[in-house]
Amino acid sequence: MAKINWAAGRPRRRPVTVPAVLAAVLLLTVPACGSGDGGDNSPASRGRTESARPHPAPPPVWDTRPDSVAALGDSITAGFDACGLLADCSAASWATGTDPAVRSLAERLLSDPSGHAWNYARTGALMADLPRQIDRAIPHKPQLVTILIGANDACRNNASAMTPTAEFRAGFRTSLKKLRRALPRTQVYVAAVPDLMRLWSQGRRNPVGKQVWKLGICQSMLHGADDVSRAASDRRESVRDRVVAYNTALREVCEQDRRCRFDQAVFDYRFTGRELSEWDWFHPSKRGQRELAGMAYRTVTRPEGRG
């Protein structure tokens, strides 16, 4: 009888080597890739760490303390009739004047305005004249440009001669682009055109002022100062409506520029006889110029994010 070889039917076991044991141990102890267990070297952990780090705040676009100022505009910024009859008085200008009774914007902003403030406003200037004033300001590279212009576009010999709103808007847009191309970082403060009807209602109380108005000051609004007929009232309303439209254009164009601030307060301010020139009872007196300087200062120094 043949012998059965029982060992031949059993599967032969391979010897377990030391390297194989070590590999198995390592496989059980090392976490699987992408397990999301928050290990210090995992991509998820790195992302959380980087996002948790504080990022420095970007510098503000608007500088509340510019170190130079150029003023552009019309008779108001030229200080017309603030010191004498039918004459400019740059020392009393709200923007760059040196009269301590006014405390101009430049005096409030700059430690030493001498050599750092320029005034190119001109009595009688229209919006169409603004590009030429910008040309004069550009070589100085001012950090702040102030603009108060538009009253003469409404103050014409008659209401029908007022600058059309579309033309006024286009002129301001072109002027601002011209300034921005030359001075991309210069800030612009734009004051609203004052409420001319308010000035008429206050100035007409003075008989001397009404006589001066007859010399040709803003006839579209001031002609026939005591005439309160329907026709005269409608004429004055049309002038006021045009000023409102001008201010809307100034605001909307300004809002498209990150470094431009429009100040509606100049239109809203309720000027009284005390703030009007004692020579023509229409332009700002030194006291009125001081009020304009204060409004501008508050707008220029307002921190970003506060409107």
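For the structure itself, consult the block above.
Values in this document were obtained by computation on a predicted structure and should not be read as measured data. (Residues numbered from 1 in each chain as written. Predicted model: local features only at pLDDT ≥ 70, side-chain atom pairs only at ≥ 80, totals over all residues. Heavy atoms only, no water.)

Participant: Whenever I open this one, the environment of Cys 218 confuses me. Can you help?
Facilitator: By secondary structure assignment, the location of Cys 218 is in the loop between helix H9 (207-213) and helix H10 (219-222). Given the relative accessible area of 6%, Cys 218 is considered buried. Separated by 66 residues in the primary sequence, Cys 218 and Asn 152 place their C-alpha atoms 7.6 Å from one another. Contact partners of Cys 218, with chain neighbours within four places excluded, come to Cys 155, Arg 156, Leu 196, His 223 and Phe 282. (Helix = DSSP H or I, 4+ residues; strand = E, 2+ residues; numbered from the N terminus. Buried < 20%, exposed > 50% of the residue type's maximum accessible area, 1.4 Å probe, protein only. Contact = heavy atoms within 4.5 Å.)

Participant: Sorry if this is basic, but what is going on with the packing of aromatic side chains here?
Facilitator: According to the stated counting rule, one finds three aromatic pairs in the structure shown. With a centroid separation of 6.0 Å and an interplanar angle of 65°, the aromatic rings of Trp 94 and Tyr 189 are classed as edge-to-face. Here Trp 94 is found in the loop between helix H3 (75-78) and helix H4 (105-109), whereas its partner Tyr 189 is found in strand S4 (residues 187-191), with 95 residues between them in sequence. The pair Trp 94 / Tyr 189 is uniform in exposure class, with both members buried. Seen in terms of ring centroids, Tyr 269 and Phe 271 are 4.8 Å apart; in terms of plane orientation they differ by 80°. Their pairing is edge-to-face. (Phe/Tyr/Trp six-rings, centres within 6.5 Å; stacked < 30°, edge-to-face > 60°.)

Participant: Would you explain the side chain of Asp 99 in this entry?
Facilitator: Residue placement: Asp 99 occurs in the loop between H3 and H4. For Asp 99, a relative accessible area of 15% gives the class buried. At 2.8 Å, the side chain of Asp 99 and the backbone nitrogen of Ala 101 are in polar contact. Apart from the residues within four sequence positions on either side, Asp 99 is in contact with Ala 91, Ala 92 and Lys 286. (Polar contact = N/O pair within 3.5 Å; in protein donor to acceptor, adjacent residues only side chain to side chain.)

Participant: Whenever I open this one, the sheet that holds strand S5 (residues 260-263) confuses me. Can you help?
Facilitator: Across a sheet, strands are paired by hydrogen bonds formed along the backbone, either parallel or antiparallel in direction. Across the sheet, which stays open at both edges, the five strands sit in the order S2-S1-S3-S4-S5 with parallel pairing between neighbours. Each having just a single partner strand, strand S2 (117-119) and S5 make up the two edges of the open sheet. Direction aside, the axes of adjacent strands within the sheet are offset by 15° on average. With five bridges connecting them, strand S1 (residues 69-73) and strand S3 (residues 144-148) associate as parallel partners. Pairing of Gly 73 across the sheet is with Leu 148, part of S3. In the packing of helix H11 (residues 230-255) onto the sheet, contacts are made with S4 and S5, and the angle to S5 comes to roughly 155°. Strands in contact with helix H13 (residues 286-300) are S3, S4 and S5; relative to S5, the strand with the most contacts, it is inclined by about 140°. (Pairing = 2+ DSSP bridges. Axes fitted to C-alpha atoms, helices over the stretch in contact; angles between N-to-C directions.)

Participant: Looking at this structure, how should I read unusual backbone geometry?
Facilitator: Across residues other than glycine, the phi torsion is negative in most instances, and most of the peptide bonds are trans. With phi around 65°, Asp 81 is a residue other than glycine that occupies positive phi space. Along the chain, Asp 81 falls in the loop between H3 and H4. For Asp 81, a relative accessible area of 0% corresponds to the buried category. Positive phi values are uncommon outside glycine, yet Leu 86 reaches one of about 50°. Overall, the relative accessible area of 43% leaves Leu 86 in the partly exposed class.

Participant: Would you mind showing me how to read the packing of helix H8 (residues 196-203) against H11 here?
Facilitator: The description of two packed helices rests on the angle between their axes and on the distance between the axes. Relative to each other, H8 and H11 sit at 135°, their axes nearing to 8 Å. On the basis of the axis angle, H8 is oblique to H11. Contact with H8, carried on its side by Leu 196, Met 197 and Trp 200, involves Arg 236, Glu 237, Val 239, Arg 240 and Val 243 of H11 and no other residues of that element. For the contact of H8 with H11, a count of residues per class yields five nonpolar, no polar and three charged. (Parallel < 35°, antiparallel > 145°, perpendicular 65-115°, else oblique. Nonpolar A, V, L, I, M, F, W, Y, C, P; charged D, E, K, R; others polar.)

Honestly, that's just the spatial picture; any functional story needs more than this.
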